Amino acid sequence: MHPLRGYPVTSHLTPLPSAERGGASFVVERADGHITDPQVWVLAEKDVQLMTAHQMCELVRRVSRHG
């Protein structure tokens, strides 16, 4: 669910192969809606963020609580 607006979103999390210590280690892509079709995902408008491992853990914890 979108943290502020309350509608479904889909996220894809991609680990980065060689992140420096303390730097970004994940690419997080988020698109509005519950997207299960890979072709729809490719065409969807996405927000992209780089996150550290700590930020990723916090995101997973927050999503799991409200999931």
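Refer to the structure above for everything that follows.
Residues numbered from 1 in each chain as written. Predicted model: local features only at pLDDT ≥ 70, side-chain atom pairs only at ≥ 80, totals over all residues. Heavy atoms only, no water.

## Digging into the overall build of the protein chain
- If you tally the helices and strands in the protein chain, you get two helices and three strands.
- The order of helices and strands in the protein chain, counted from the N terminus, is β-β-α-β-α.
- Here the protein chain, with 67 residues, has 19% of them falling under the buried criterion.
- Residue pairs at least 24 apart in sequence account for 37% of intrachain contacts in the protein chain once pairs closer than 6 positions are excluded.
- When the accessible area of the protein chain is evaluated, it comes to approximately 5,300 Å², of which 55% is carbon and sulfur surface. (Helix = DSSP H or I, 4+ residues; strand = E, 2+ residues; numbered from the N terminus. Buried < 20%, exposed > 50% of the residue type's maximum accessible area, 1.4 Å probe, protein only. Contact = heavy atoms within 4.5 Å. Areas by Shrake-Rupley, 256 points an atom, 1.4 Å probe, with all protein chains shown as cover.)

## Concerning the packing of aromatic side chains
- If you walk through the whole model with that rule in mind, you get zero aromatic pairs.
- Lys-46 extends its terminal NZ or CZ atom over the ring of Trp-41, reaching a point 5.1 Å from the ring centre. (Phe/Tyr/Trp six-rings, centres within 6.5 Å; stacked < 30°, edge-to-face > 60°. Lys NZ or Arg CZ within 6 Å of the ring centre and 35° of its normal.)

## With respect to the pairing of strand β2 (residues 26–32)
- Bridge count for strand β1 (residues 9–15) against β2 is seven bridges, and the pairing is antiparallel. Residue pairing in the sheet places Ser-11 in a bridge with Arg-30 of β2. (Pairing = 2+ DSSP bridges.)

## A few points about the pattern of salt bridges
- Scanning the entire structure with this criterion turns up two salt bridges.
- Put simply, Asp-47 and Arg-30 hold a salt bridge, and the shortest N to O gap is 3.9 Å. Within this pair, whereas Asp-47 is found in strand β3 (residues 47–51), its partner Arg-30 is found in strand β2, the two being separated by 17 residues in sequence.
- Accessibility expressed as a relative area gives 27% for Arg-30, which makes it partly exposed.
- Notably, a salt bridge pairs Arg-61 with Glu-58, separated by 2.7 Å at the nearest N-O pair. Of this pair, Arg-61 and Glu-58 are both found in helix α2 (residues 53–66), three residues apart, which corresponds to roughly one turn of the helix.
- Looking at Arg-61, the relative accessible area reads 45%, which means it is partly exposed.
- Since its relative accessible area comes to 33%, Glu-58 is described here as partly exposed. (Salt bridge = Lys/Arg side-chain N within 4 Å of Asp/Glu carboxyl O.)

The analysis is restricted to geometry; functional conclusions fall outside its scope.
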